[in-house]
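Observations on chain architecture
Here is how the chains run, residue by residue.
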Amino acid sequence: MVEFKINGKKVQAEKGEILLDVAKREGHEIPTLCHHEKLGSDGRCRLCVVEIHRGSRRRFVASCLYPVENGIDVYTDSRDVLLIRKTILELLLARCPGSDTIKNLASQYGVFDVRYTKDTDKGKCILCGQCIRACESIVGVSALCMSGKGPEKKVTTPFDEPSEVCIGCGACAVICPTGHIYIEDKDGYRTIWRKKFELARCPKCNRFHAPIEQLEFISKKTGVDMEELLICQNCK
Ligand code: SF4
Ligand code: FES
């Protein structure tokens, strides 16, 4: 076991546990934008920053990546932590002025306007990478990637073309914390990432429910018959 303090209160945790998880378990609020229970983190947003003291040494770390250590003093909402979070939120708000998620989070930290030039071409994407990781680790198809550098960096499909491997499942859109990914189900078709998928119709209720490509993918992976997969969740 590891023993340390969070905001002055003694806590115990298993060796190797991540600070964010322990802090949350102990009831300390830490905001996150790129962390997901199933996918973990790769430390992109830095919003989960906390202050750590060990003796006379003071550091600021991303709590979603930091394995707990014996004897550290952790502060989750010190003056400097709040200042760093405010600056991050101001930058995110300048990048995505149309995102309600960012606006709400920023207002909780007293950030209502920005000192920087606002972007008009980034949509609501904060480059957290969760859509890419979900596509790779949960779905297992790797249809998305980051392309470009610096301010041109964006999430897209390879060569900005409709992806050959995308199955239209929409996991990326579900996991996206800001609602950036456009997905439309209309007239028996799903459109996502510039690709159009025919939706399967449930033979029992006649409702369109999932892309045929997605059901074929699941059938191939699991061995479950297409006939069974064509029946929607409500009618099973
Ligand atoms: S599209 Fe959404 S999930 Fe993907 S990187 Fe952008 S904000 Fe994150
Ligand atoms: S949640 Fe830790 S860096 Fe984004």
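Residues numbered from 1 in each chain as written. Chains lettered and ligands numbered in written order. Predicted model: local features only at pLDDT ≥ 70, side-chain atom pairs only at ≥ 80, totals over all residues. Heavy atoms only, no water.

**Quick notes on the site of ligand 1**
Around ligand 1, the neighbouring residues are Cys-125, Ile-126, Leu-127, Cys-128, Gly-129, Cys-131, Val-155, Cys-176, Pro-177, Thr-178, His-180 and Ile-181. Its residues assigned to classes, the shell around ligand 1 comprises nine nonpolar, three polar and no charged. (Near = heavy atom within 4 Å. Nonpolar A, V, L, I, M, F, W, Y, C, P; charged D, E, K, R; others polar.)

**Things to note about the sheet that holds strand β9 (residues 189–192)**
Here four strands make up an open sheet; going across it, the order is β8-β9-β10-β11 and the pairing antiparallel. Each end of this open sheet is capped by a strand with a single partner; those strands are β8 (183–186) and β11 (208–211). Neighbouring strand axes in the sheet, compared pairwise and without regard to direction, differ in orientation by 30° on average. Relative to β11, strand β10 (residues 195–201) is paired through three bridges, and the arrangement is antiparallel. Across the sheet, the residue bridging to Leu-199 is Pro-211, located in β11. Packing against the sheet, helix α6 (residues 212–222) makes contact with β9, β10 and β11, and its axis sits at approximately 60° to β11. (Pairing = 2+ DSSP bridges. Helix = DSSP H or I, 4+ residues; strand = E, 2+ residues; numbered from the N terminus. Axes fitted to C-alpha atoms, helices over the stretch in contact; angles between N-to-C directions. Contact = heavy atoms within 4.5 Å.)

**Quick word on the domain arrangement of the protein chain**
Reports of interface size often rely on the accessible area that becomes lost once the parts have come together. Structurally, the protein chain comprises domain 1 (2–108) and domain 2 (130–235). In this structure, domain 1 and domain 2 have C-alpha centres spaced 32 Å apart. Between domain 1 and domain 2, the contact holds 13 residues from the first and ten residues from the second. Interface area, domain 1 with domain 2, both sides summed: about 850 Å², of which 53% is carbon and sulfur. The largest contributions to the domain 1 side of the interface with domain 2 come from Leu-33, Leu-39 and Arg-44, which together make up 49% of the buried area. For the pair domain 1 and domain 2, the number of links is one salt bridge. Between Asp-42 and Arg-133 there is a salt bridge whose closest N-O contact spans 3.6 Å. Residues belonging to the side of domain 1 that touches domain 2 are distributed by class as follows: four nonpolar, six polar and three charged. (Domains from an automatic or database assignment. Buried area = accessible area lost by both parts, 1.4 Å probe. Salt bridge = Lys/Arg side-chain N within 4 Å of Asp/Glu carboxyl O.)

**Considerations on the pairing of β9**
Residues Arg-190 and Ile-192 line the buried face of β9, whereas the alternating positions Tyr-189 and Thr-191 sit on a face that is not buried. Relative to β9, β8 is paired through four bridges, and the arrangement is antiparallel. If you follow Glu-184 over to β9, its bridge partner there is Thr-191. Connecting the antiparallel pair β8 and β9 is a turn made up of two residues, with Asp-187 showing a positive phi of about 50°. Across four bridges, the pairing between β9 and β10 is antiparallel. Its bridge partner being in β10, Arg-190 is matched across the sheet by Phe-197. Taking the residues that link successive antiparallel strands as the turn, the β9-β10 hairpin has two residues, and the phi of Trp-193 there is positive, at about 50°. (Buried < 20%, exposed > 50% of the residue type's maximum accessible area, 1.4 Å probe, protein only.)

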